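Here are the chains, one letter per residue:
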Amino acid sequence: MYSKREIHKIEDIKALKIRVQATATEDATFAAYGAQTVHMPFGSVYTSLQTGVVDVGENSVNVYLINKHYEPARVLSMTQHEANNAIVWISDKLWQSLSDDQKKWVLEAGREVSLQEPKKAFELEDAAAGKLKAIGIKIVTDVDKSGFRKISDPMLDKLAKDLGPHADKIKTLIKSIQ
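Just so you know, these numbers come straight off a predicted model, no measurement behind them. (Residues numbered from 1 in each chain as written. Predicted model: local features only at pLDDT ≥ 70, side-chain atom pairs only at ≥ 80, totals over all residues. Heavy atoms only, no water.)

Asker: Please set out the overall build of the protein chain residue by residue, giving values where relevant.
Answerer: Across its full length, the protein chain holds seven helices and six strands. Sequence-ordered secondary structure for the protein chain, helices as α and strands as β, is β-β-α-β-α-β-α-β-α-α-β-α-α. For the protein chain, buried positions account for 29% of its 178 residues. Counted over contacts in the protein chain with a minimum sequence separation of 6, partners at least 24 positions apart contribute 61%. (Helix = DSSP H or I, 4+ residues; strand = E, 2+ residues; numbered from the N terminus. Buried < 20%, exposed > 50% of the residue type's maximum accessible area, 1.4 Å probe, protein only. Contact = heavy atoms within 4.5 Å.)

Asker: Kindly report on the nonpolar core, identifying the contributing residues and their values.
Answerer: In terms of nonpolar packing, the biggest core is built from 17 residues, with Tyr2, Tyr64, Leu76 and Leu132 touching the most fellow members. Where this core is concerned, the elements lending two or more residues are helix 2 (45-51), helix 3 (61-66) and helix 5 (100-134). Not counting residues within four places of it along the chain, the set of residues in contact with Leu132 comprises Val61, Tyr64, Leu65, Tyr70, Leu76, Ile137 and Ile139. Judged by nonpolar contacts, the second largest core, of 15 residues, contains Val56, Val140, Val143 and Phe148. (Core = buried A, V, L, I, M, F, W, Y, C linked by side-chain atoms within 4.5 Å.)

Asker: Go over the packing of aromatic side chains, please, and point to the residues and values.
Answerer: Taken as a whole and assessed by the stated rule, the structure comprises four aromatic pairs. Measuring from centroid to centroid gives 4.6 Å for Tyr2 and Tyr64, while their planes differ by 35°, and the two rings are tilted. One end of the pair, Tyr2, is in strand 1 (residues 2-3); the other, Tyr64, is in helix 3, and 62 residues separate them in sequence. An identical accessibility class is assigned to Tyr2 and Tyr64; each is buried. (Phe/Tyr/Trp six-rings, centres within 6.5 Å; stacked < 30°, edge-to-face > 60°.)

Asker: Describe the pattern of salt bridges, with residues and values.
Answerer: This structure, assessed with the given rule, holds seven salt bridges. A salt bridge links Asp157 to Lys175; its shortest N-O distance comes to 2.8 Å. Of the two residues, Asp157 sits in helix 6 (residues 146-163) while Lys175 sits in helix 7 (residues 165-176), which places them 18 residues apart along the sequence. The class of Asp157 is partly exposed, set by a relative accessible area of 31%. (Salt bridge = Lys/Arg side-chain N within 4 Å of Asp/Glu carboxyl O.)

Asker: I'd like a description of the packing of helix 1 (residues 24-33) against helix 6, backed by residues and values.
Answerer: Running from amino to carboxyl end, helix 1 crosses helix 6 at an angle of 140°, the nearest separation of the two axes being 10 Å. Of the two possible hands of crossing, helix 1 and helix 6 adopt the one that is right-handed. When helix 1 is examined against helix 6, the residues Ala28, Thr29, Ala32 and Tyr33 are found in contact with a partner set consisting of Phe148, Ile151, Ser152 and Met155. Class assignment of the residues belonging to the contact of helix 1 with helix 6 gives a composition of six nonpolar, two polar and no charged. (Axes fitted to C-alpha atoms, helices over the stretch in contact; angles between N-to-C directions. Left-handed = near helix turned anticlockwise from the far one by under 90°. Nonpolar A, V, L, I, M, F, W, Y, C, P; charged D, E, K, R; others polar.)

Asker: Before we move on, could you go through the environment of Leu49 and cite the residues and values that matter?
Answerer: Counting through the fold element by element, Leu49 comes out in helix 2. Take Leu49: its relative accessible area is 2%, and that puts it in the buried class. For the pair Leu49 and Ile18, spaced 31 residues apart in the sequence, the C-alpha separation amounts to 9.6 Å. Excluding its chain neighbours within four sequence positions, the residues that come into contact with Leu49 are Tyr2, Lys4, Val54, Asp55, Val56, Gly57, His69, Pro72 and Ala73.

Here you go:
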């Protein structure tokens, strides 16, 4: 999360206006955290941080750097309140149109990406953080994440239960990652 102020624990975002994507999950989660959710197009986040329409933005370190959100919000707090993943999708229509050789190539490329992407993503995030530190951005790393987990874990449990056994299996895998 990025703002003009440091976020060290969940209580630090109580009543703050946080720009989130307009999804039921983010609306419910951030409201449970005690924040006020604000929806807006991504292109409006910079000026909204600048003018106080929102107090906090939330996105990856790379997005924060690339979009220069550090100019109006000079503090990046590493809350790790959510983790995104990169998934490659292919429609059934396209899949069925591929030859056996082409399907094999797609599967091999997908396996390679799944092995390389997480490491590369962390490398890119570390490089972005280094650039931000070099220009004087305050990066808060001592965030107490327990409050975020206390609220989001039961929400994740319910969501996985509602979505079925495959989702519950994925949830268990996610929680096993340290």
